[in-house]
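Examining the three-dimensional arrangement
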Amino acid sequence: MFLQSFRSAERPPSGHAEPALPTETVEADFQRLKTGIHRELLDSLDLSRITGLSDEELREDIRHLAEGMLRSRNRKLPAIDEDRLVDELIAESFGLGPLEPYMQDPDVTDILVNGPHEVYVERLGRLQETNTVFADEEHLLQIIQRVAARVGRRIDEHSPMVDARLADGSRVNAIIAPLALEGPVLSIRRFGHRPLQVSDLLVRGSICPEMLKLIEAAVEGRINVLISGGTGAGKTTFLNNVSRFIPAGERLVTIEDSAELKLQRKHVVKLETRPKSAEGTAEVAQRDLVRNALRMRPDRIILGEVRGSEALDMLQAMNTGHEGSLTTIHANDTRDALSRLEVMVSMAGFDLPVAVTRRYIASAITLVIHLARLKGGVRRVTRISEITALDSGEYVIQDLFGFQQTGIDDRGIARGHFYATGNRPQFARRLADIGIDLPTELFAARQLTPDSAVGPLSYTAAAEGTIALEDHI
Ligand SMILES: Nc1ncnc2c1ncn2[C@@H]1O[C@H](COP(=O)(O)OP(=O)(O)OP(=O)(O)O)[C@@H](O)[C@H]1O
Ligand SMILES: [Mg+2]
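Residues numbered from 1 in each chain as written. Chains lettered and ligands numbered in written order. Predicted model: local features only at pLDDT ≥ 70, side-chain atom pairs only at ≥ 80, totals over all residues. Heavy atoms only, no water.

1. Overview of the site of ligand 1
Put simply, the rule reads: Any residue with at least one heavy atom within 4 Å of a molecule or strand is counted as near it. Here a polar contact is recorded for every N or O atom pair within 3.5 Å, except that within protein the pair must consist of a potential hydrogen donor and a potential acceptor, and residues adjacent in sequence are included only if both atoms are side-chain atoms. Where accessible areas are quoted, they stem from the Shrake-Rupley method and a 1.4 Å probe; at the residue level, only the protein chains shown are allowed to cover. Helix and strand definitions here come from DSSP, where helices need a minimum of 4 consecutive H or I residues and strands a minimum of 2 consecutive E residues; each element is numbered from the N-terminal end. Residues are sorted three ways: Asp, Glu, Lys and Arg are charged, Ala, Val, Leu, Ile, Met, Phe, Trp, Tyr, Cys and Pro are nonpolar, and all the rest, Gly among them, are polar.
Around ligand 1, the surrounding shell holds 19 residues, and the nearest of these are Arg 189, Arg 204, Ser 206, Thr 236 and Thr 237. A distance of 3.2 Å is found between an oxygen atom of ligand 1 and a backbone nitrogen or oxygen belonging to Ala 233. Arg 379 is positioned with one of its side-chain polar atoms (N or O) 2.9 Å from an oxygen atom of ligand 1. Relative to its free-state accessible area of 630 Å², ligand 1 is covered by the protein chains to the extent of 92%. Breaking the shell around ligand 1 down by element, the ones donating at least two residues are β1 (108-114) and α10 (235-243). The element that contributes the greatest number of residues to the shell around ligand 1 is α10, accounting for three residues. Partitioned by chemical class, the residues of the shell around ligand 1 number three nonpolar, nine polar and seven charged.

Here it is, written out as structure tokens:
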């Protein structure tokens, strides 16, 4: 509300004597005024006293000080903007400054700052530019430094990149000069909001019930699954949901660069890598953690994303007693995922002949599920492939399900339908042996869903809990 009051200032707010300024200039002026007051405030606040104050008392203290500083600058703000000033000063001192309103907005999933004057947010799958600006580079840098400091890291020209996690679980990356050429860049992936559930994925048309039934059976039956997709395609979200199909009582070890997985179950050991720090503590890479995990008697290992040499250790785990392990990979399609795995295995430095690497991959990975982010921000499972064998050094792959895009609707959202290819997975026999039956009809070649463009708009139905998974399967 405060934001709107200042932003809608095409005309100056009452009591504001200056001539009309374009919205952006008014906003920049406000930010500059605030930054000046903030710097002065930091000098006058007794920081040691703050921890003992209630929110209300802190607010009153800051309001009192800010009023004095406005008076000394001969500035008078309308009450509503003064309220906003106090709010933002608190956010500046203890939060993310001008980004704080987006941190409070449950619909915002990404906040992307390209230098002090360009802030984008993603809402319900759509990226939008905002009017939010920082006073200057220094202001943005200050906020980045505070985020880094909170997790005991430093960001400066000697160490110009940092990854951190906020108290609400959001993932933050910052990169500054000399690596970032046009001002500090800050990227926040929010996880504070309610993560998407299986029913949300169904409602949004990201997957269809038939695919889900196959995946549920495969995960329960300890088939090794690789989830592939591009940046932001929904791999982690999908992994989270797929992990729920693992029967209760199994011991899971999760390994991530930045802990994002939220497995709501017991008996999960969560491990996170550690980058090399400026103070000289050694790096602990995913590879070290995968190896360590093998000594922790896990039933399954869940690797957030395979990126490098740990691919070899992960494949080894999948081949030797930890079947049913899961991971994700950045790739363009299910076949591309396998080529990328080969490259990653070669990073382990053993000079394995390609034929050996492929044998390794083909015997470890059985199911590859590819996700894509299509036009309009919708995410779809676009292909599910089974690797059945290796023949003369080439993978034998059969597709089980797919998504056929047929066009773009008038909202700019990709439309199309899911289909079954008619191939029955070879692992169905293995599953039947352990009592998990997959009906043959499930795989009969046919179009599975009507041609439609279920977009983010139908999300509310899921949020209200009107759709349950059981209704679909
Ligand atoms: N099926 C979906 N429909 C709409 N939005 C989704 C869907 N899945 C994930 N998202 C949203 O997309 C964003 C990215 O999701 P997620 O982190 O799972 O992707 P990712 O592929 O793991 O990304 P990265 O490549 O950065 O690791 C999140 O904000 C998430 O809420
Ligand atoms: Mg991810």
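Resuming the write-up.
2. Thoughts on the pairing of strand β2 (residues 119-123)
Operational definition: In this scheme, strands are said to pair when DSSP sees at least two bridges between them.
Bridge analysis of β1 against β2 gives five bridges, and the strand direction is antiparallel. Considered in β2, the bridge of Val 113 is made with Val 119. Remark: four residues form the turn of the hairpin made by β1 and β2, two consecutive strands paired antiparallel; Gly 115 in that turn has positive phi of roughly 75°. As paired elements, β2 and strand β3 (residues 126-129) share four bridges and run antiparallel to each other. Within the sheet, the bridge partner assigned to Glu 122 lies in β3 and is Leu 127. The antiparallel pairing of β2 with β3 creates a hairpin that spans two residues between the two strands, and Leu 124 there sits at a positive phi of about 45°.

3. Focus: the packing of aromatic side chains
Spelled out, the test is: Stacked, edge-to-face and tilted are the three classes for Phe, Tyr and Trp ring pairs, Trp counted by its six-membered ring, which pair at centre distances within 6.5 Å; planes under 30 degrees apart are stacked, over 60 edge-to-face, the rest tilted. Each residue is placed in one exposure class: buried if its accessible area under a 1.4 Å probe, protein chains only, is under 20% of its type's maximum, exposed if it is over 50%, and partly exposed if it falls in between.
Per the stated rule, a full pass over the model turns up two aromatic pairs. Summarising the aromatic geometry, the rings of Phe 401 and Phe 443 are spaced 5.9 Å apart at their centres and angled 35° between planes, so their arrangement reads as tilted. With Phe 401 in strand β14 (residues 394-408) and Phe 443 in the loop between α15 (427-433) and β16 (446-447), the pair connects residues that are 42 residues apart, well separated along the chain. You can call Phe 401 buried: its relative accessible area is 1%. Taking 5.2 Å as the distance between ring centres and 65° as the angle between the ring planes, the aromatic pair formed by Phe 403 and Phe 418 counts as edge-to-face. Of this pair, Phe 403 sits in strand β14 while Phe 418 sits in strand β15 (residues 414-420), and the two are 15 residues apart along the sequence. Pair check on accessibility: Phe 403 and Phe 418 agree, each one buried.

The analysis is restricted to geometry; functional conclusions fall outside its scope.
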